[in-house]
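# Secondary and tertiary structure notes
Here is what each chain is made of, one letter per residue.
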Amino acid sequence: MRAFLMIACVMCLSATQVNAEQQEPKSQPNIIIVFADDISAREFPIYGSSVWTKEKGVDTSDRAFRAETPVLNQMAQEGCWIKTAWASVVCSPSRAMMMTGRYAHLHKWWQNSYKGRYIDENGKETTWPLYMSSPLQIGHVAQQAGYGTYWAGKTQMAGDLREYGFDQGCFTPGNLSDKDNPYTDFKLVQRVANGERLIFNADTGKPIDTYLQHGWYFYPHVWLMNHGDQDFQWWPNTDESKEAFGLGTYGPDVELDFIFDFMDRQHSKGRPFFVYHTTHLGHGAFDWLNPTNGQCWPGTPVVQWDGNKYTRIEPHITGDDGVYDTHGTVTETGIQSQIEYLDYQMWLYRNRLREMGIADNTVIIFCADNGTSGYGKGSHDRQKGVHVPLIIFAPGMTKHGQQDVLVNMSDLLPTIADLTGATIPKDYVHNGESLVPFLFTNKSKHRQWIYGYSRERQIIRGDFVMRDGYGKWWDVAEEPADLISYDQITNWDDVSQQHRDERDKLKIVLPKFDLFDIEPDAPGVRRSGTIGNPTASSSGKKSATNKTLGTKKASAGASTVGSQQWKPVFEDDFDNRTKIGKDYTTARGHEDSWSVINGVLVGKQTKADHGAVIRTQLDFDDIDIQFDFRFSGGKSFNFVIDDQNEKSVHAGHICRASVFPKFLKIGDDKTGGMNLEVRKQRQDKNLSTRDAEALKRLLERTGASAKISIHPGQWHTLRIRIRGDIMKAFLDDELVTSLRSPGFDHPTKTKFGFTVNGQSIDFDNLVVKRLVTMDGRE
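A few points on the structure. (Residues numbered from 1 in each chain as written. Predicted model: local features only at pLDDT ≥ 70, side-chain atom pairs only at ≥ 80, totals over all residues. Heavy atoms only, no water.)

## Structural notes on the sheet that holds strand E27 (residues 450–454)
An order of E27-E28-E29-E30-E31 is seen for the five strands of this open sheet, with the pairing classed as antiparallel. In the strand order of this sheet, the two ends are held by E27 and strand E31 (487–488), each with one partner. Note: strand E28 (residues 457–461) against strand E29 (residues 465–467), two bridges, orientation antiparallel. Bridging from a neighbouring strand, Arg461 pairs with Met466 of E29. (Pairing = 2+ DSSP bridges. Helix = DSSP H or I, 4+ residues; strand = E, 2+ residues; numbered from the N terminus.)

## Re the sheet that holds strand E12 (residues 196–201)
Read from one edge to the other, the open sheet built from three strands follows the order E11-E12-E13, with strand pairing classed as antiparallel. Strands with a single pairing partner mark the edges of an open sheet, and in this sheet they are strand E11 (188–193) and strand E13 (207–208). Where E11 lies against E12, six bridges are found, and the strand directions are antiparallel. Among the inter-strand pairings, Val189 is bridged to a residue of E12, identified as Phe200.

## Regarding the nonpolar core
Ranked by internal contacts, the top residues of the largest apolar core, which has 144 residues, are Ile33, Met98, Met263, Phe274, Tyr276, Tyr349 and Met409. The greatest single-element share of this core, amounting to ten residues, is contributed by helix H9 (residues 335–356). Within the second largest apolar cluster, 44 residues are counted, among which are Tyr584, Leu618, Ile708 and Val756. (Core = buried A, V, L, I, M, F, W, Y, C linked by side-chain atoms within 4.5 Å. Buried < 20%, exposed > 50% of the residue type's maximum accessible area, 1.4 Å probe, protein only.)

## A short note on helix H2 (residues 70–78)
All of the buried residues along H2 are Val71, Leu72, Met75 and Ala76. The arc that holds every buried residue of H2, seen down its axis, measures 135°, which confines them to one face. (Arc of directions from axis to C-beta.)

## Remarks on the environment of Asn361
Checked against the element boundaries, Asn361 lands in the loop between H9 and strand E23 (362–368). Classification of Asn361 as buried rests on a relative accessible area of 9%.

## Focus: the packing of aromatic side chains
As enumerated under the stated definition, the model contains 57 aromatic pairs in all. The interplanar angle of 90° and the centroid separation of 5.2 Å between the aromatic rings of Phe637 and Phe763 together place this pair among those described as edge-to-face. Pair noted here: Phe637 is in strand E41 (residues 634–642) and Phe763 is in strand E48 (residues 749–773), with a separation of 126 residues, a long-range link. On the basis of relative accessible area, Phe637 is assigned to the buried category, the value being 0%. The class of Phe763 is buried, set by a relative accessible area of 1%. Their ring planes at 20° and their centres at 4.0 Å tell us that Phe754 and Phe763 sit as a pair that is stacked. (Phe/Tyr/Trp six-rings, centres within 6.5 Å; stacked < 30°, edge-to-face > 60°.)

## Topic: helix H3 (residues 91–100)
For H3, a buried count of ten out of ten residues is recorded, marking the element as mostly surrounded by other parts of the structure. Within the span of H3, buried status applies to Cys91, Ser92, Pro93, Ser94, Arg95, Ala96, Met97, Met98, Met99 and Thr100. Once H3 finishes, Gly101 follows within two positions and takes phi at roughly 70°, a positive value.

## Description of the side chain of Asp468
Inspection of the secondary structure assignment puts Asp468 in the loop between E29 and strand E30 (473–475). For the buried residue Asp468, which engages in no salt bridge, the nearest side chain bearing the opposite charge is Arg382, 5.6 Å off. Residues contacting Asp468, with those up to four places away along its chain left out, are His380, Asp381, Arg382, Gln458, Ile459 and Trp474. (Lys, Arg positive; Asp, Glu negative; His and termini not counted. Salt bridge = Lys/Arg side-chain N within 4 Å of Asp/Glu carboxyl O. Contact = heavy atoms within 4.5 Å.)

## Considerations on the side chain of Thr60
Here Thr60 lies in strand E3 (residues 58–60). Of the residues examined, Thr60 reaches a relative accessible area of 11% and is grouped as buried. Within polar-contact distance, the side chain of Thr60 engages the backbone nitrogen of Asp62 at 3.0 Å. Once you skip the residues sitting within four places of it in the chain, Thr60 turns out to touch Ser50, Val51, Trp52, Thr53, Lys54 and Phe65. (Polar contact = N/O pair within 3.5 Å; in protein donor to acceptor, adjacent residues only side chain to side chain.)

## A short note on the packing of helix H8 (residues 251–268) against H9
For the pair H8 and H9, interaxial distance at closest approach is 12 Å and the crossing angle is 15°. For the element pair H8 / H9, the angle class is roughly parallel. Crossing angle aside, the handedness with which H8 passes H9 is right-handed. Along the contact surface, H8 presents Pro252, Asp253, Leu256, Ile259, Phe260, Met263, Asp264 and His267, while H9 presents Tyr341, Gln345, Leu348, Tyr349, Arg352, Leu353 and Met356. Its residues assigned to classes, the contact of H8 with H9 shows ten nonpolar, two polar and three charged. (Axes fitted to C-alpha atoms, helices over the stretch in contact; angles between N-to-C directions. Parallel < 35°, antiparallel > 145°, perpendicular 65-115°, else oblique. Left-handed = near helix turned anticlockwise from the far one by under 90°. Nonpolar A, V, L, I, M, F, W, Y, C, P; charged D, E, K, R; others polar.)

## Section: the pairing of E12
The side chains of a regular strand alternate, first on one face of the sheet and then on the other. Connecting E11 to the next strand, E12, in antiparallel fashion are two residues, including Asn194 with a positive phi near 55°. In this sheet, E13 lies alongside E12 in antiparallel orientation, the contact comprising two bridges. The partner of Phe200 across the bridge, within E13, is Pro207.

## Concerning the pairing of strand E39 (residues 612–620)
Most of E39 is tucked away, with seven of its nine residues classed as buried. Note: strand E36 (residues 585–586) against E39, two bridges, orientation antiparallel. The residue of E39 that forms the bridge with Thr585 is Arg615.

## Considering the environment of Val71
Its location among the elements puts Val71 in helix H2. Considering only alpha carbons, one finds Val71 and Trp347, 276 residues apart in sequence, at a separation of 6.1 Å. Beyond its immediate chain neighbours, meaning those up to four positions away, Val71 contacts Trp305, Tyr310, Asp343, Met346, Trp347 and Arg350.

## Here we look at the pattern of salt bridges
One pass over the structure, following the stated rule, counts 33 salt bridges. With a closest N to O distance of 3.0 Å, Arg503 and Asp504 form a salt bridge. Since its relative accessible area comes to 16%, Arg503 is described here as buried. Given a relative accessible area of 35%, Asp504 falls into the partly exposed group. Within the structure, one salt-bridge network assembled from shared partners comprises Arg455, Glu456, Asp624, Arg719 and Arg721.

## Some thoughts on the environment of Gln644
With respect to the helices, strands and loops of the structure, Gln644 is situated in the loop between E41 and strand E42 (653–659). According to the relative accessible area criterion, Gln644 is partly exposed, its value standing at 38%. Linking Gln644 and Lys751, residues 107 residues apart in sequence, is a C-alpha distance of 7.4 Å. Sequence-distant contacts of Gln644, that is, excluding residues within four places in its chain, are made with Gln617, Thr750 and Lys751. A distance of 3.5 Å separates a polar atom in the side chain of Gln644 from a polar atom in the side chain of Gln617.

The values are spatial; any link to function lies outside them.
Structure, rendered in structure tokens:
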């Protein structure tokens, strides 16, 4: 504990020159981190938001749908709560940030869909585990200080889970292989039926439309690490637990039972403990008890607060094969219920600590990994994706109630080091700043800026301004009622000198983290411009060459890969105008189909026989095009690439991506469906069986599709990248489909644009990059 006091005092006196008394806990404090899943700060009453989530993608101000959290409210007032705490926008990079204290430029976990790669000892390319990129993590720090360490809940970590610094674990895995788990059939499996690969509910045997996962709520899959004499084993693992296991067994309860057992054992040994509880609560899941609900926030066991204590009703569930009766012991679906169950679990934590006599020597940290699904998760808009709750309860703190400071999840590693008395080597680079000096003294400010990321998207803010993942700047000096409707800064003369000064400082910070396109992987691995095949490399540094192409509105930074660059050649955020502008042309008779409203390009079909067409003239070959879109009544849209001089295809169509609410398709039009000879065959009603089969195979070879889920009224991001004969489509930063076909390699593409079917579809934040050599040549 003396080490903790010395670190805190030295940091306090040297960095802030304050003179504050600091209260010393009786011994090394026990530490519990509860890391909730996919829950924005706005969902918690203490944050005072005027808006919260009713159902996925649907906001409400109806208090009937706001969670009640009396225990967390009390903790926030007796301890403190941080007004502006940031994680990353999705699970994996946030968990990497929490565990390593580092940002992705160091640990290389950029997004759920892209984790840095390395070449393993067998010469195989695979995900670079965090314990290799960042060998000192929160578990290791606590172990170094003599703590017993326990990890419970969701993992999402690559490699050997025993290497992350935890003595034991109880995991409710969402996607681990469980072919040998004999205890539960609440899982989704992939099978081939009628020549098509489908996902089936193992409980009912029926196909469903969702993604592969295992049950982590009722009738859960539970995996134990280092319990008994086995490294890993499925639970239930004793006669008693096998007898008790059933439909009413609730995964979050199992986690807590194992955590409490570990706490008891450590306390009986006189040894402090560190618990890292990465609960699934807050994360949507397939509802096995009500399969027609599909993917949702499944209900929880019913809990009731009487103003003083919680009462839990034991789940009573009967049935089988997808037909179940919960007899009123399970709540309605919705994130509200899951947040309230979290509050119940925090009540259990606090009661257990009091019973053990260690409540006055235990630090509890409650936080989350990213914003709510349908609102913030995956979003780069302002701070929707990164703004998370952070409540800290630590006896002896000088801070209580709301703290209007900036905190980043990377700060937890050095904070734990200071609390436990562990030492982080001076040469071990991390991005976090310890909260100990702020929490235990009268220091008024914690840090100058906070940062979030997702692949190439950089999000940063200070006290006055924020730059979101789309490069837009916002005035954050005053917080709006809904915690998000900040004023955009479009004219820097309209804001104060403080705003401009802070912007200039933040712009200096960002480049050192913005390495996704040039150093996405482990040292010694270099990827191509498509973030594709790795090759050995002795250097991945960014070239100093950064010439402007001088085409249209190019302004965003170029990204360097090997001896080439993806360089911006066209951008449009559709702000500050009401006309589509000179860069766009519409098809004849479609002039009324397109407009710009409130900074958004709006396309509406006005002709019964054809969708609304708009194009932009631009000469290119390899290309990277990204834009946001929103279904506002429209049925579908095509993103089309043409060569107006190519006569072998209908209307010059070279290739396209077609987006529907339930699926996305990419296609090579040049050698596929729009080729004039192929088109003639498609229209021939007398085609022979042999020719019809050959045509079918051709169309299959020149197209690829994937199931997706587009939510009406919600913004999504589509990215299309063509390099050589390969086209890839990314939706919300995740690769959804790709195809190799010769037509993509057509060398003289001259136009791109949209065709909208139905009423209506919106577009925004269009960015086009072209691949050039280091000297600026294509």
